Amino acid sequence: MDEKRFKIEDKKYSGLWKNGYKDANWKKLANEALKMKSLYKNPSLIDFGLGNGNALDFFEGKDFHVEGVDISSYAVEAQRKSGRKVYHASLDNLSMIKNNQFSVGFCNDVLEHMPEELVAASIKEMSRVCLDYLFISVCPKPSHHLSLEGENLHLTVRPEHWWSEQFSNFGEVKRLRFLFSRSLRYVIRPIK
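Here's a quick rundown of the structure.

So, the environment of Ser 127
Here is step 1 of the chain: Of note, Ser 127 is situated in helix 5 (residues 119-129).
Here is step 2 of the chain: A relative accessible area of 6% places Ser 127 in the buried class.
Here is step 3 of the chain: Separated by 109 residues in sequence, Ser 127 and Lys 18 place their C-alpha atoms 30 Å apart.
Here is step 4 of the chain: Leave out the neighbours within four places in its chain, and Ser 127 touches Leu 134, Phe 170, Pro 190 and Lys 192.

Structure follows, in C-alpha cells:
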C-alpha cells in the first residue's frame with residue numbers, strides 16, 4: 001500500500017475505533033484456531049487486524065504468545081499501552097516480521113477491507129510469517145457501515161469462489177462452515 005493510501009486508511013480506521021466501531025463476530029473462528037494449541041509446546045499467534053484487542057485477550061488467556069498488526073494507529077497505540085507487542089502496518093507489507101515467526105495466524109473480517117489489488121500480496125505476507133496455519137474470515141458482501149466520506153468499508157466484495165481461489169494460491173485450503181454467518185471462514189496451511 002502506498003504511503004498516501006496508508007495514511008487515509010489509518011485515519012479512517014482510527015476514527016472508527018475511537019467512535020465505538022465493533023469487531024465482527026470472531027469467537028467461532030477463534031475456537032477453531034484454539035484447537036491447534038495442543039500441537040505446540042509454546043504456541044504463538046498473530047492477529048492480523050487486531051482492532052480493539054478482544055481476540056488477543058482471548059488467545060493470551062489460553063496461553064498463546066500473542067502479537068498483532070493493524071493499520072489503525074489508534075488501535076495499535078491502545079495495545080502498546082497495555083504492554084503488547086504490535087505492529088502499525090498494512091497487511092501487504094509485514095517486512096518487520098520474520099518468516100515463520102508465528103505458529104498460527106488469525107484474520108477475522110479484515111481482508112475485504114483491503115483494496116482488491118492488495119489482497120494477494122496480503123495473503124502472501126500473512127502466509128510468510130505463519131509457520132503452520134492461517135484462520136481467515138472474509139465477508140463477501142458489502143459492509144453495513146460506511147466511512148465518514150460515505151465509502152463502503154468493504155473495498156473488495158467478491159464471491160466465495162474468488163476468495164477460495166485467492167487462498168488456494170498460497171496453501172491447502174479448507175472451508176469451515178458455521179450457521180447464521182455472513183462471512184466465509186477458512187483454515188489454510190501455507191505452502192513452504
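Observations regarding the sheet that holds strand 1 (residues 44-48)
Two strands in a sheet stick together by hydrogen bonds in their backbones, pointing the same way (parallel) or opposite ways (antiparallel).
Here is step 1 of the chain: One open sheet holds the seven strands; their spatial order is 3-2-1-4-5-7-6, and the pairing between them is mixed. On the outer flanks of this sheet lie strand 3 (86-88) and strand 6 (171-176), each paired with one strand and no other. Between one strand and the next, the sheet's axes are offset by a mean angle of 15°, whatever the strand orientation.
Here is step 2 of the chain: The pairing of strand 1 with strand 2 (residues 65-70) spans five bridges and is classified as parallel. Bridge pairing links Leu 45 to Val 66 in strand 2.

Regarding the packing of aromatic side chains
The description of an aromatic ring pair uses the distance of the two centres, along with the angle that the planes make with each other.
Here is step 1 of the chain: With the rule as written, the count across this model stands at eight aromatic pairs.
Here is step 2 of the chain: With centroids separated by 5.3 Å and ring planes inclined at 65°, the aromatic side chains of Phe 59 and Phe 106 adopt a geometry described as edge-to-face. Residue Phe 59 is found in helix 3 (residues 54-61), and its partner Phe 106 is found in strand 4 (residues 102-108); the two are separated by 47 residues along the sequence.
Here is step 3 of the chain: The class of Phe 59 is buried, set by a relative accessible area of 0%.
Here is step 4 of the chain: Judged by relative accessible area, which is 1%, Phe 106 ranks as buried.
Here is step 5 of the chain: An angle of 35° between the planes, with centres 6.3 Å apart, marks the rings of Tyr 133 and Phe 135 as tilted.
Here is step 6 of the chain: Residue Phe 135 is classed as buried on the basis of its relative accessible area of 2%.
Here is step 7 of the chain: Among the aromatic residues, ring-to-ring pairing joins Trp 26, Phe 58, Phe 59, Phe 64 and Phe 106 into one connected group.

Quick look at the pairing of strand 1
Here is step 1 of the chain: Of all five residues making up strand 1, five are buried, and the element is well covered by its neighbours.
Here is step 2 of the chain: Of the two faces of strand 1, the one holding Ser 44, Ile 46 and Phe 48 and the one holding Leu 45 and Asp 47 are both buried throughout.
Here is step 3 of the chain: For the handedness criterion, the β-α-β arrangement of strand 1, helix 3 and strand 2 is classed as right-handed.

Focus: the packing of helix 1 (residues 3-18) against helix 4 (residues 73-81)
Here is step 1 of the chain: Running from amino to carboxyl end, helix 1 crosses helix 4 at an angle of 60°, the nearest separation of the two axes being 7 Å. Regarding the angle of helix 1 to helix 4, the classification is oblique. Listed contacts from helix 4 to Asp 10, Ser 14, Trp 17 and Lys 18 of helix 1 are Ser 73, Tyr 74 and Ala 75.
Here is step 2 of the chain: Residue classes in the contact of helix 1 with helix 4 are distributed as three nonpolar, two polar and two charged.

About the criteria used
- For every chain, the first residue of the written sequence is number 1, and numbering continues from 1 onward in sequence order.
- Only residues with pLDDT of at least 70 get local features here, since the model is predicted, and only at 80 or more are side-chain atom pairs given and counted; chain-wide, interface and lining totals rely on the full set of residues.
- In computing side-chain properties, one takes all heavy atoms of the structure into account and sets aside hydrogens as well as water.
- What counts as a helix is a DSSP run of H or I of at least four residues, what counts as a strand is a run of E of at least two, and both are numbered from the N terminus.
- The buried label applies to any residue whose accessible area, calculated with a 1.4 Å probe on protein chains only, is under 20% of its type's maximum; exposed applies above 50%, and partly exposed to all values in between.
- Whether two residues touch is decided by their heavy atoms; if any such pair falls within 4.5 Å, the residues are in contact.
- Criterion used throughout: strands pair if DSSP finds at least two bridges between them.
- Orientation is described by lines fitted to C-alpha atoms, with helices fitted over the stretch in contact, and by angles between N-to-C directions that extend from 0 to 180 degrees.
- Side-chain rings of Phe, Tyr and Trp (the six-membered ring for Trp) are treated as a pair once their centres are within 6.5 Å; stacked means planes under 30 degrees apart, edge-to-face means over 60, and tilted covers the remaining angles.
- If you view a crossover with the strands going away from you and the path from the first strand over the helix to the second runs clockwise, you call it right-handed.
- Roughly parallel covers angles under 35 degrees, roughly antiparallel covers those over 145, roughly perpendicular covers 65 to 115, and oblique covers all other angles.
- Charged means Asp, Glu, Lys or Arg here, nonpolar means Ala, Val, Leu, Ile, Met, Phe, Trp, Tyr, Cys or Pro, and polar covers whatever is left, Gly included.

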